[in-house]
Amino acid sequence: MKFTPAKPALTGETLESLTARLKERGEPAFRAKQILEWVYKKRARSWDDMTNLSKPLRAWLAETFDLLPLSLLFDKQSRDVTDKLLFELGDRSLIETVIIRAPQEGVGLDQSRKTICISPQVGCAMACKFCASGLAGLKRDLNAGEIVAQLLQVCYREDARTPRARMELASFDNIVVMGMGEPLANYDALIEALTILNAEWGLGFGARRITLSTSGLVPKILRLAEEPLGFRLAISLHGATDEVREKIMPVNKAFPLAKLIPAIRAFSEKHGRMVTLEFILIEDINDSLDQARALRDIARDLHAHVNLIPYNTVEGLPWKRPSNTRQEKFADILRHAPVSVTLRREKCHDIDAACGQLRLKTERDRADAA
Ligand code: SAH
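Residues numbered from 1 in each chain as written. Predicted model: local features only at pLDDT ≥ 70, side-chain atom pairs only at ≥ 80, totals over all residues. Heavy atoms only, no water.

## Regarding the overall build of the protein
Each helix and strand in the protein was counted, giving 12 helices and 12 strands. On C-alpha atoms alone, the protein measures out to a radius of gyration of 21 Å, which is about the 21 Å that the 2.2 N^0.38 rule sets for 370 residues. For the C-alpha atoms alone, the extent of the protein along its principal axes is close to 70 × 50 × 50 Å. Counting every position in the protein, which comprises 370 residues, the buried fraction comes to 56%. For the protein, restricting intrachain contacts to residue pairs at least 6 apart in sequence, the fraction spanning at least 24 positions comes to 66%. Surface summary for the protein: the accessible area is close to 16,200 Å², and the carbon and sulfur share equals 52%. (Helix = DSSP H or I, 4+ residues; strand = E, 2+ residues; numbered from the N terminus. Rg over C-alpha atoms; globule rule 2.2 N^0.38 Å. Buried < 20%, exposed > 50% of the residue type's maximum accessible area, 1.4 Å probe, protein only. Contact = heavy atoms within 4.5 Å. Areas by Shrake-Rupley, 256 points an atom, 1.4 Å probe, with all protein chains shown as cover.)

If you want it as C-alpha coordinates, here you go:
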(Lines give C-alpha, C1' and ligand atoms only; values in the text may rest on other atoms or scores of the structure.)
Protein backbone atom coordinates (compact mmCIF):
# COMPACT_ATOMS: atom_id res chain seq x y z
CA MET A 1 0.00 0.00 0.00
CA LYS A 2 1.33 3.40 -0.91
CA PHE A 3 0.58 6.40 1.26
CA THR A 4 0.42 9.81 -0.35
CA PRO A 5 0.33 12.50 2.31
CA ALA A 6 -1.75 15.64 1.77
CA LYS A 7 1.45 17.68 1.95
CA PRO A 8 5.05 16.55 1.53
CA ALA A 9 7.25 16.75 4.64
CA LEU A 10 9.99 19.34 4.77
CA THR A 11 12.25 16.65 6.22
CA GLY A 12 12.08 14.81 2.88
CA GLU A 13 13.45 17.78 0.91
CA THR A 14 17.06 18.19 -0.14
CA LEU A 15 18.82 21.52 -0.56
CA GLU A 16 18.40 21.13 -4.31
CA SER A 17 14.71 20.22 -4.27
CA LEU A 18 13.83 22.98 -1.81
CA THR A 19 15.85 25.54 -3.77
CA ALA A 20 13.92 24.58 -6.90
CA ARG A 21 10.53 24.92 -5.15
CA LEU A 22 11.46 28.32 -3.75
CA LYS A 23 12.80 29.51 -7.07
CA GLU A 24 9.39 28.86 -8.67
CA ARG A 25 8.08 31.31 -6.10
CA GLY A 26 10.70 33.89 -7.01
CA GLU A 27 12.73 33.47 -3.81
CA PRO A 28 16.51 33.94 -3.84
CA ALA A 29 18.71 30.84 -3.78
CA PHE A 30 19.93 31.35 -0.19
CA ARG A 31 16.42 30.95 1.26
CA ALA A 32 16.51 27.17 1.12
CA LYS A 33 19.70 27.08 3.17
CA GLN A 34 18.18 29.46 5.68
CA ILE A 35 15.10 27.27 6.10
CA LEU A 36 17.10 24.07 6.43
CA GLU A 37 19.29 25.75 9.01
CA TRP A 38 16.20 26.50 11.08
CA VAL A 39 15.09 22.88 10.81
CA TYR A 40 18.32 20.98 11.42
CA LYS A 41 20.67 23.33 13.26
CA LYS A 42 18.33 25.53 15.26
CA ARG A 43 15.64 22.85 15.70
CA ALA A 44 12.74 25.15 14.92
CA ARG A 45 9.52 23.46 16.05
CA SER A 46 7.15 25.67 14.07
CA TRP A 47 7.22 27.88 10.99
CA ASP A 48 6.75 30.93 13.18
CA ASP A 49 10.05 30.20 14.90
CA MET A 50 11.76 31.05 11.61
CA THR A 51 11.94 34.72 12.41
CA ASN A 52 14.18 35.87 9.56
CA LEU A 53 11.61 34.74 6.97
CA SER A 54 8.80 37.03 5.88
CA LYS A 55 5.29 36.29 7.11
CA PRO A 56 4.00 35.53 3.58
CA LEU A 57 6.84 33.07 3.06
CA ARG A 58 6.10 31.36 6.36
CA ALA A 59 2.43 31.14 5.38
CA TRP A 60 3.39 29.62 2.03
CA LEU A 61 5.66 27.08 3.74
CA ALA A 62 2.85 26.10 6.11
CA GLU A 63 0.47 25.61 3.18
CA THR A 64 2.99 23.68 1.12
CA PHE A 65 4.80 21.43 3.61
CA ASP A 66 4.36 19.55 6.84
CA LEU A 67 7.29 20.46 9.06
CA LEU A 68 7.29 16.94 10.55
CA PRO A 69 5.26 14.02 9.15
CA LEU A 70 4.89 12.18 12.46
CA SER A 71 3.81 12.88 16.01
CA LEU A 72 4.97 11.39 19.28
CA LEU A 73 2.41 9.04 20.80
CA PHE A 74 4.39 7.52 23.70
CA ASP A 75 7.74 8.18 25.24
CA LYS A 76 8.55 5.12 27.27
CA GLN A 77 11.51 5.38 29.52
CA SER A 78 12.89 2.14 30.84
CA ARG A 79 14.46 1.70 34.25
CA ASP A 80 17.56 0.79 32.33
CA VAL A 81 19.48 2.03 29.33
CA THR A 82 16.85 1.88 26.60
CA ASP A 83 14.09 4.40 25.91
CA LYS A 84 11.45 3.86 23.31
CA LEU A 85 9.43 6.34 21.26
CA LEU A 86 6.23 5.36 19.49
CA PHE A 87 5.25 7.63 16.59
CA GLU A 88 2.03 7.99 14.67
CA LEU A 89 2.24 8.82 10.97
CA GLY A 90 -0.20 10.70 8.75
CA ASP A 91 -2.20 7.53 8.01
CA ARG A 92 -2.25 6.50 11.72
CA SER A 93 0.43 3.86 11.14
CA LEU A 94 2.73 3.29 14.10
CA ILE A 95 6.50 3.08 14.11
CA GLU A 96 9.12 2.73 16.82
CA THR A 97 12.37 4.54 17.43
CA VAL A 98 14.65 3.38 20.23
CA ILE A 99 17.33 5.29 22.14
CA ILE A 100 20.03 3.01 23.53
CA ARG A 101 22.53 4.45 25.98
CA ALA A 102 25.97 3.03 26.62
CA PRO A 103 26.61 3.65 30.32
CA GLN A 104 30.02 5.22 30.90
CA GLU A 105 31.84 5.35 34.18
CA GLY A 106 31.57 8.70 35.95
CA VAL A 107 29.06 10.03 33.43
CA GLY A 108 25.31 10.35 33.98
CA LEU A 109 23.05 8.33 31.67
CA ASP A 110 21.86 11.48 29.90
CA GLN A 111 25.45 12.34 29.01
CA SER A 112 26.44 8.85 27.88
CA ARG A 113 26.84 7.76 24.27
CA LYS A 114 23.56 7.24 22.46
CA THR A 115 22.71 4.93 19.60
CA ILE A 116 19.39 5.55 17.87
CA CYS A 117 17.58 2.63 16.32
CA ILE A 118 15.23 3.75 13.54
CA SER A 119 12.55 1.96 11.51
CA PRO A 120 12.56 1.96 7.69
CA GLN A 121 9.10 0.41 7.13
CA VAL A 122 5.70 -0.10 8.76
CA GLY A 123 5.60 -3.84 9.34
CA CYS A 124 7.90 -6.10 7.38
CA ALA A 125 7.61 -8.54 4.49
CA MET A 126 10.54 -10.77 5.43
CA ALA A 127 8.42 -13.02 7.69
CA CYS A 128 11.28 -14.18 9.93
CA LYS A 129 9.53 -16.67 12.18
CA PHE A 130 10.81 -15.30 15.49
CA CYS A 131 10.16 -11.59 14.91
CA ALA A 132 7.19 -9.49 16.07
CA SER A 133 7.60 -6.93 13.28
CA GLY A 134 6.70 -9.32 10.53
CA LEU A 135 3.71 -11.00 12.17
CA ALA A 136 1.20 -8.94 10.22
CA GLY A 137 3.32 -8.53 7.10
CA LEU A 138 4.35 -5.31 5.43
CA LYS A 139 1.98 -2.36 5.63
CA ARG A 140 4.06 0.14 3.72
CA ASP A 141 7.47 1.70 3.14
CA LEU A 142 8.35 4.88 4.97
CA ASN A 143 9.26 7.85 2.83
CA ALA A 144 12.51 9.77 3.31
CA GLY A 145 10.81 12.54 5.30
CA GLU A 146 9.38 10.05 7.80
CA ILE A 147 12.78 8.42 8.28
CA VAL A 148 14.61 11.73 8.80
CA ALA A 149 11.87 12.98 11.15
CA GLN A 150 12.46 10.09 13.59
CA LEU A 151 15.93 11.48 14.20
CA LEU A 152 14.85 15.09 14.49
CA GLN A 153 12.31 14.03 17.12
CA VAL A 154 15.11 12.34 19.03
CA CYS A 155 17.14 15.58 18.80
CA TYR A 156 14.26 17.58 20.30
CA ARG A 157 13.97 15.13 23.15
CA GLU A 158 17.66 14.80 23.87
CA ASP A 159 18.35 18.55 23.51
CA ALA A 160 15.83 19.16 26.27
CA ARG A 161 17.64 16.73 28.57
CA THR A 162 21.22 17.59 27.76
CA PRO A 163 21.46 20.97 26.12
CA ARG A 164 24.59 20.54 24.06
CA ALA A 165 26.94 23.48 23.85
CA ARG A 166 26.58 23.42 20.08
CA MET A 167 22.99 22.78 19.12
CA GLU A 168 23.89 22.42 15.48
CA LEU A 169 25.19 18.94 16.14
CA ALA A 170 23.11 15.78 16.22
CA SER A 171 22.14 14.89 19.79
CA PHE A 172 23.30 11.29 19.46
CA ASP A 173 26.37 9.31 18.44
CA ASN A 174 25.29 6.43 16.21
CA ILE A 175 22.34 5.43 14.05
CA VAL A 176 21.37 1.81 13.45
CA VAL A 177 18.63 0.95 10.97
CA MET A 178 17.46 -2.06 12.96
CA GLY A 179 13.94 -1.15 13.97
CA MET A 180 10.84 -2.43 12.25
CA GLY A 181 11.22 -3.46 8.61
CA GLU A 182 13.90 -4.45 6.14
CA PRO A 183 16.10 -1.43 5.30
CA LEU A 184 17.32 -2.78 1.98
CA ALA A 185 13.73 -3.45 0.82
CA ASN A 186 13.10 0.31 1.03
CA TYR A 187 16.44 1.13 -0.51
CA ASP A 188 15.86 4.41 -2.37
CA ALA A 189 13.93 6.23 0.35
CA LEU A 190 16.38 5.07 3.00
CA ILE A 191 19.47 6.20 1.09
CA GLU A 192 17.75 9.51 0.36
CA ALA A 193 17.04 9.97 4.09
CA LEU A 194 20.56 9.01 5.15
CA THR A 195 21.97 11.40 2.55
CA ILE A 196 19.88 14.23 4.07
CA LEU A 197 21.11 13.32 7.56
CA ASN A 198 24.69 13.23 6.31
CA ALA A 199 24.55 16.50 4.35
CA GLU A 200 26.34 19.49 5.76
CA TRP A 201 23.05 21.46 5.46
CA GLY A 202 21.25 18.61 7.29
CA LEU A 203 22.47 17.06 10.54
CA GLY A 204 26.01 16.61 9.18
CA PHE A 205 25.99 13.07 10.54
CA GLY A 206 28.91 10.84 9.44
CA ALA A 207 28.06 7.81 7.29
CA ARG A 208 30.56 5.72 9.25
CA ARG A 209 28.37 6.12 12.30
CA ILE A 210 25.35 4.69 10.46
CA THR A 211 24.77 0.92 10.36
CA LEU A 212 22.23 -0.82 8.13
CA SER A 213 21.08 -4.23 9.29
CA THR A 214 19.69 -6.64 6.71
CA SER A 215 18.17 -10.08 6.71
CA GLY A 216 20.31 -10.73 3.64
CA LEU A 217 19.00 -9.23 0.37
CA VAL A 218 22.05 -10.10 -1.72
CA PRO A 219 21.58 -7.81 -4.77
CA LYS A 220 20.98 -4.85 -2.48
CA ILE A 221 24.06 -5.64 -0.39
CA LEU A 222 26.09 -5.50 -3.59
CA ARG A 223 24.44 -2.21 -4.52
CA LEU A 224 25.11 -0.77 -1.06
CA ALA A 225 28.78 -1.63 -1.48
CA GLU A 226 28.86 0.82 -4.41
CA GLU A 227 27.29 3.76 -2.53
CA PRO A 228 29.64 6.75 -2.29
CA LEU A 229 28.72 7.21 1.41
CA GLY A 230 30.40 4.38 3.31
CA PHE A 231 27.70 3.02 5.60
CA ARG A 232 28.37 0.13 7.94
CA LEU A 233 26.68 -3.21 7.43
CA ALA A 234 25.25 -5.77 9.83
CA ILE A 235 23.80 -9.08 8.69
CA SER A 236 21.06 -10.91 10.57
CA LEU A 237 22.50 -14.39 10.19
CA HIS A 238 20.73 -16.34 12.96
CA GLY A 239 21.61 -19.68 11.35
CA ALA A 240 25.12 -20.81 10.43
CA THR A 241 23.92 -23.52 8.02
CA ASP A 242 21.19 -23.37 5.37
CA GLU A 243 19.31 -26.11 7.16
CA VAL A 244 18.88 -24.07 10.33
CA ARG A 245 18.64 -20.65 8.67
CA GLU A 246 15.90 -21.53 6.22
CA LYS A 247 13.74 -22.91 9.02
CA ILE A 248 13.53 -19.50 10.65
CA MET A 249 14.24 -17.06 7.81
CA PRO A 250 12.32 -17.54 4.54
CA VAL A 251 14.74 -15.12 2.81
CA ASN A 252 17.33 -17.89 2.94
CA LYS A 253 15.49 -19.74 0.16
CA ALA A 254 16.14 -16.97 -2.35
CA PHE A 255 19.56 -16.07 -0.94
CA PRO A 256 21.19 -19.09 0.71
CA LEU A 257 24.57 -18.87 2.44
CA ALA A 258 26.41 -19.73 -0.79
CA LYS A 259 25.13 -16.42 -2.19
CA LEU A 260 25.03 -14.37 0.99
CA ILE A 261 28.58 -15.02 2.18
CA PRO A 262 30.29 -13.91 -1.07
CA ALA A 263 28.15 -10.74 -1.03
CA ILE A 264 29.27 -9.95 2.53
CA ARG A 265 32.85 -10.57 1.48
CA ALA A 266 32.48 -8.25 -1.50
CA PHE A 267 31.08 -5.54 0.78
CA SER A 268 33.84 -5.76 3.36
CA GLU A 269 36.58 -5.90 0.72
CA LYS A 270 35.18 -2.77 -0.86
CA HIS A 271 34.98 -0.89 2.45
CA GLY A 272 37.91 -2.38 4.32
CA ARG A 273 35.82 -2.48 7.45
CA MET A 274 34.45 -5.27 9.61
CA VAL A 275 30.91 -6.39 8.95
CA THR A 276 28.86 -7.49 11.98
CA LEU A 277 27.09 -10.84 11.97
CA GLU A 278 24.09 -10.80 14.26
CA PHE A 279 23.06 -14.08 15.76
CA ILE A 280 20.01 -14.30 18.04
CA LEU A 281 20.31 -17.29 20.35
CA ILE A 282 17.06 -19.27 20.41
CA GLU A 283 16.81 -22.37 22.56
CA ASP A 284 16.89 -25.66 20.62
CA ILE A 285 16.68 -23.83 17.31
CA ASN A 286 20.15 -22.43 16.62
CA ASP A 287 22.06 -22.72 19.91
CA SER A 288 23.85 -26.04 19.34
CA LEU A 289 27.60 -26.14 19.64
CA ASP A 290 27.71 -27.33 16.00
CA GLN A 291 26.06 -24.05 15.04
CA ALA A 292 28.66 -22.21 17.14
CA ARG A 293 31.46 -23.96 15.25
CA ALA A 294 29.89 -23.27 11.86
CA LEU A 295 29.39 -19.61 12.85
CA ARG A 296 32.99 -19.41 14.01
CA ASP A 297 34.19 -20.65 10.61
CA ILE A 298 32.06 -18.15 8.70
CA ALA A 299 33.14 -15.24 10.93
CA ARG A 300 36.81 -16.18 10.68
CA ASP A 301 36.61 -16.47 6.93
CA LEU A 302 34.91 -13.06 6.62
CA HIS A 303 36.93 -11.32 9.39
CA ALA A 304 33.56 -10.37 10.77
CA HIS A 305 32.51 -9.35 14.26
CA VAL A 306 29.80 -11.52 15.84
CA ASN A 307 27.05 -10.05 17.97
CA LEU A 308 25.23 -12.73 19.99
CA ILE A 309 21.80 -11.64 21.18
CA PRO A 310 19.78 -13.78 23.59
CA TYR A 311 16.27 -14.00 22.14
CA ASN A 312 13.63 -11.63 23.50
CA THR A 313 10.35 -13.46 23.94
CA VAL A 314 7.45 -12.25 21.80
CA GLU A 315 3.87 -12.66 23.00
CA GLY A 316 2.21 -15.37 20.95
CA LEU A 317 5.47 -16.97 19.74
CA PRO A 318 6.86 -20.16 21.28
CA TRP A 319 10.58 -19.31 21.20
CA LYS A 320 12.80 -18.55 24.17
CA ARG A 321 16.41 -17.79 24.96
CA PRO A 322 18.85 -20.49 26.07
CA SER A 323 20.18 -20.59 29.65
CA ASN A 324 23.09 -18.30 30.54
CA THR A 325 25.37 -21.33 30.72
CA ARG A 326 24.46 -22.36 27.19
CA GLN A 327 24.93 -18.79 25.94
CA GLU A 328 28.42 -18.68 27.48
CA LYS A 329 29.39 -22.06 26.03
CA PHE A 330 28.30 -20.90 22.60
CA ALA A 331 30.23 -17.64 22.95
CA ASP A 332 33.35 -19.45 24.23
CA ILE A 333 33.67 -21.41 20.99
CA LEU A 334 33.89 -18.12 19.14
CA ARG A 335 36.14 -16.44 21.71
CA HIS A 336 38.66 -19.27 21.53
CA ALA A 337 38.90 -19.10 17.72
CA PRO A 338 39.58 -16.20 18.25
CA VAL A 339 36.67 -14.34 16.72
CA SER A 340 35.69 -10.86 17.88
CA VAL A 341 32.41 -11.44 19.71
CA THR A 342 29.98 -9.65 22.00
CA LEU A 343 27.25 -11.36 23.97
CA ARG A 344 24.64 -8.69 24.53
CA ARG A 345 22.47 -9.12 27.55
CA GLU A 346 19.22 -7.38 26.73
CA LYS A 347 18.28 -4.97 29.46
CA CYS A 348 15.09 -3.62 28.10
CA HIS A 349 12.43 -6.26 28.63
CA ASP A 350 10.50 -3.83 30.78
CA ILE A 351 9.62 -1.56 27.86
CA ASP A 352 8.88 -4.17 25.21
CA ALA A 353 12.08 -3.20 23.48
CA ALA A 354 12.39 -6.16 21.16
CA CYS A 355 11.80 -5.30 17.59
CA GLY A 356 8.20 -4.29 16.83
CA GLN A 357 6.72 -5.27 20.17
CA LEU A 358 5.45 -1.92 21.40
CA ARG A 359 3.74 -1.30 18.09
CA LEU A 360 2.23 -4.77 18.12
CA LYS A 361 0.80 -4.21 21.58
CA THR A 362 -0.65 -0.81 20.65
CA GLU A 363 -2.18 -2.19 17.44
CA ARG A 364 -3.79 -4.97 19.49
CA ASP A 365 -5.11 -2.48 22.06
CA ARG A 366 -6.58 -0.38 19.24
CA ALA A 367 -8.27 -3.44 17.76
CA ASP A 368 -9.70 -4.35 21.19
CA ALA A 369 -11.01 -0.81 21.64
CA ALA A 370 -12.65 -0.67 18.21
N1 SAH B 1 15.22 -6.49 8.84
C2 SAH B 1 16.48 -6.11 9.36
C3 SAH B 1 16.45 -5.11 10.51
C4 SAH B 1 15.35 -5.20 11.52
S5 SAH B 1 15.43 -6.43 12.76
C6 SAH B 1 17.25 -7.33 9.76
O7 SAH B 1 16.72 -8.43 9.65
O8 SAH B 1 18.41 -7.21 10.13
C9 SAH B 1 16.75 -5.98 13.80
C10 SAH B 1 17.36 -7.17 14.50
O11 SAH B 1 16.54 -7.63 15.58
C12 SAH B 1 17.55 -8.35 13.57
O13 SAH B 1 18.80 -8.94 13.77
C14 SAH B 1 16.43 -9.26 14.02
O15 SAH B 1 16.67 -10.56 13.62
C16 SAH B 1 16.43 -9.04 15.52
N17 SAH B 1 15.25 -9.52 16.21
C18 SAH B 1 13.99 -9.63 15.76
N19 SAH B 1 13.17 -10.14 16.71
C20 SAH B 1 13.94 -10.35 17.79
C21 SAH B 1 13.67 -10.87 19.09
N22 SAH B 1 12.46 -11.24 19.45
N23 SAH B 1 14.70 -10.95 19.96
C24 SAH B 1 15.94 -10.54 19.62
N25 SAH B 1 16.24 -10.05 18.41
C26 SAH B 1 15.26 -9.96 17.50
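Right, picking up where we left off after that structure.
## So, the site of the ligand
Around the ligand there are 18 residues in total, and Gly181, Ser213, Ser236, His238 and Asn312 lie nearest to it. In the model, an oxygen atom of the ligand is placed 2.6 Å from a nitrogen or oxygen of the His238 side chain. Surface burial for the ligand is 92%, taken as the share of its 540 Å² of free accessible area covered by protein chains. Grouping the constituent residues of the shell around the ligand by class yields 8 nonpolar, 8 polar and 2 charged. (Near = heavy atom within 4 Å. Polar contact = N/O pair within 3.5 Å; in protein donor to acceptor, adjacent residues only side chain to side chain. Nonpolar A, V, L, I, M, F, W, Y, C, P; charged D, E, K, R; others polar.)

## Things to note about the environment of Pro318
Note that Pro318 resides in the loop between β11 (305-310) and α11 (324-335). C-alpha separation for the pair Pro318 and Phe130, spaced 188 residues apart in sequence, amounts to 8.5 Å.

## Side note on the packing of helix α9 (residues 257-271) against helix α10 (residues 289-302)
Direction vectors running N to C along α9 and α10 enclose 30 degrees, while the axes themselves pass 10 Å from each other. In the crossing of α9 with α10, the sense of the turn from one axis to the other is right-handed. Residues Ile261, Ile264, Arg265 and Ser268 of α9 form the contact with α10, whose own contacting residues are Ile298, Asp301 and Leu302. Looking at the contact of α9 with α10 residue by residue, the classes come out as 4 nonpolar, 1 polar and 2 charged. (Axes fitted to C-alpha atoms, helices over the stretch in contact; angles between N-to-C directions. Left-handed = near helix turned anticlockwise from the far one by under 90°.)

## Describing the packing of helix α1 (residues 15-24) against helix α2 (residues 30-41)
α2 packs onto α1 with a crossing angle of 125 degrees between their chain directions and a minimal axis gap of 8 Å. As the angle between them shows, α1 and α2 are arranged oblique. As α1 runs across α2, the sense of the crossing is right-handed. Residue-level contacts link Leu15, Leu18, Thr19 and Leu22 of α1 to Arg31, Ala32, Lys33, Ile35 and Leu36 of α2. The residue makeup of the contact of α1 with α2, split by class, is 6 nonpolar, 1 polar and 2 charged. (Parallel < 35°, antiparallel > 145°, perpendicular 65-115°, else oblique.)

## Examining the side chain of Asn186
Along the chain, Asn186 turns up in the loop between β7 (174-177) and α5 (187-198). In this structure the side chain of Asn186 is engaged in a polar contact, spanning 2.8 Å, whose partner is the backbone oxygen of Leu142. With residues up to four places along the chain from it excluded, the contact list for Asn186 reads Pro120, Gln121, Asp141, Leu142 and Ile147.

## Observations regarding the sheet that holds β7
The strand order β1-β2-β3-β4-β7-β8-β9-β10-β11-β12 describes an open sheet built from 10 strands, whose pairing is mixed. This sheet does not close on itself; its edge strands, each paired only once, are β1 (70-77) and β12 (341-343). Across the sheet, the mean angle separating the axes of adjacent strands is 20 degrees when strand polarity is ignored. Alignment of strand β8 (residues 210-214) against strand β9 (residues 232-236), held across 4 bridges, turns out to be parallel. Counterpart to Ser213 in the pairing with β9 is Ala234. Packing of α10 onto the sheet brings it into contact with β10 (276-281) and β11, and relative to β10 it is tilted by some 170 degrees. (Pairing = 2+ DSSP bridges.)

## Quick notes on unusual backbone geometry
The peptide bond linking Ala337 to Pro338 adopts the cis configuration, its omega dihedral lying at -5 degrees. Here Pro338 shows up in the loop between α11 and β12. A positive phi is found at Arg43, a non-glycine position, where the angle reads about 50 degrees. Here Arg43 lies in the loop between α2 and α3 (55-64). By relative accessible area, Arg43 is classed as buried at 5%. Even without glycine at this site, Ala127 takes up a positive phi of about 60 degrees. One can find Ala127 in the loop between β5 (121-123) and β6 (138-141).

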